[in-house]
Amino acid sequence: MLINEVSKATNLTKKAIEYYTNQGLVFPEILENGYKYFSEKDVELLKKISVFRKIGIGIDDIKAILADEKGNVLQKISVQKELRVQREKAKQAILDQLSIGKSFAEIETALNAIEQNETVTDKLLEAFPGYYGRFICLHFAQFLNGPISTPQQQAAYKEITEFLDEAPALTFPKELQDFLVESTQHISAENIREMNEQTKRSIENLEQFLSENKEMLTWYLEYKKSDEYKNSPAFKIQEMLKEFNNTSGYYDVFIPAMKKLSDSYGKYCQQLEIANEKLLSEYPEITKLNN
């Protein structure tokens, strides 16, 4: 197709098509007369680009998305936008406070908390790859909305950012990467948030959770003992994560610093420890499975 036909097929202006071409997003064939000839593939690509632009994705990010066959970049951007929406809501609340007479000094702490949340969550997303990075980022994001108001919290914040800057890269072999992509590609930020909420509810109401899920827990524990599980990609990934967390400083540096930084995370960990003790008293064989 020539550019006039492409414009009709995509509902894009000729200027927009030229712009995307000049930005290296599509590569039409140049005919002898100098006209650009767009293939059906180019047209479909332009339709995708149009969708990405309408939902606010920039040119550089679109290039990265188009170059990524597995969809990791798009999922990462989805999480970033999710967190950005949360921050914008927090900023709107601050604006409302200013509009009813709160002083700039009074809202400064809240603004700093938003900026610090952004720093830590962005670094988490960069430090851990793919689905695991999205999961861990959204898991900790819920605990990073409080102000940093004490010297202990300031020191903890510094520890966390330094850890995330210096931690070794977590990389999986190709077959495990492929497994993770295939098994998690349909899991959205909303799904991850709901998983986190379910975990929180289970911890807060452990007796009810154990009572309602006895059959599932029995099956799960038996499965974890099986050769099928021990030969599975899920087991290999779990072992790699365990090794990484034990050797990178995740347990020795990051988690203790998070407890100091966030009161809500510290309380969550206390609830988790209590729940874990109760779980082990009901199912002592878990100890052997985790060793």
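Look above for the structure.
Each value, and the rule that gives it
- Residues numbered from 1 in each chain as written.
- Predicted model: local features only at pLDDT ≥ 70, side-chain atom pairs only at ≥ 80, totals over all residues.
- Heavy atoms only, no water.
- Disulfide = S-S within 2.5 Å.
- Buried < 20%, exposed > 50% of the residue type's maximum accessible area, 1.4 Å probe, protein only.
- Helix = DSSP H or I, 4+ residues; strand = E, 2+ residues; numbered from the N terminus.
- Arc of directions from axis to C-beta.
- Contact = heavy atoms within 4.5 Å.
- Expected span 1.5 Å × (residues − 1).
- Salt bridge = Lys/Arg side-chain N within 4 Å of Asp/Glu carboxyl O.

### Examining the state of the cysteines
Moving on, step 1. Per the counting criterion, the structure on display carries zero disulfides.
Moving on, step 2. Lacking any disulfide linkage, Cys269 is separated from the closest cysteine sulfur, that of Cys137, by 17 Å.

### Observations concerning helix α4 (residues 59–67)
Moving on, step 1. Inspection of α4 places Ile59, Ile62 and Ile65 among the buried residues, and these make up the whole buried set. Around the axis of α4, the buried residues are gathered within 115 degrees of arc, so they sit on the same side. In α4, the exposed positions angled more than 90 degrees off the buried face are occupied by Asp60 and Ala67.
Moving on, step 2. Turning to α4, the residues buried within the fold contact α2 (14–22), α3 (40–54) and α5 (72–99).

### Observations regarding α3
Note: α-helices contain 3.6 residues per turn, so residues at a spacing of three or four share the same orientation.
Moving on, step 1. Taking 1.5 Å as the rise per residue, α3 with 15 residues should run 21 Å; its terminal C-alpha atoms sit 21 Å apart, in good agreement.
Moving on, step 2. Along α3, the residues that are buried comprise Asp42, Val43, Leu46, Ile49, Ser50 and Phe52.
Moving on, step 3. Against the buried residues of α3 lie α1 (3–10), α2, β2 (36–37), α4 and α5.

### Looking at the pattern of salt bridges
Moving on, step 1. For the structure on display, the rule yields 14 salt bridges.
Moving on, step 2. Of the charged contacts in the structure, one is a salt bridge between Glu82 and Arg193, with a shortest N-O distance of 2.0 Å. Remark: Arg193 occurs in helix α10 (residues 189–204) and Glu82 occurs in helix α5; sequence separation between them is 111 residues.
Moving on, step 3. By relative accessible area, which is 30% here, Arg193 ends up partly exposed.
Moving on, step 4. Of the charged contacts, one joins Asp178 and Lys174 as a salt bridge, the two residues approaching to 2.8 Å between their closest N and O atoms. With Asp178 and Lys174 both in helix α9 (residues 174–184) and four residues apart, the pair spans about one turn of that helix.
Moving on, step 5. Owing to a relative accessible area of 55%, Lys174 belongs among the exposed residues under this scheme.
Moving on, step 6. Salt bridges sharing common partners tie together Glu82, Glu190 and Arg193.

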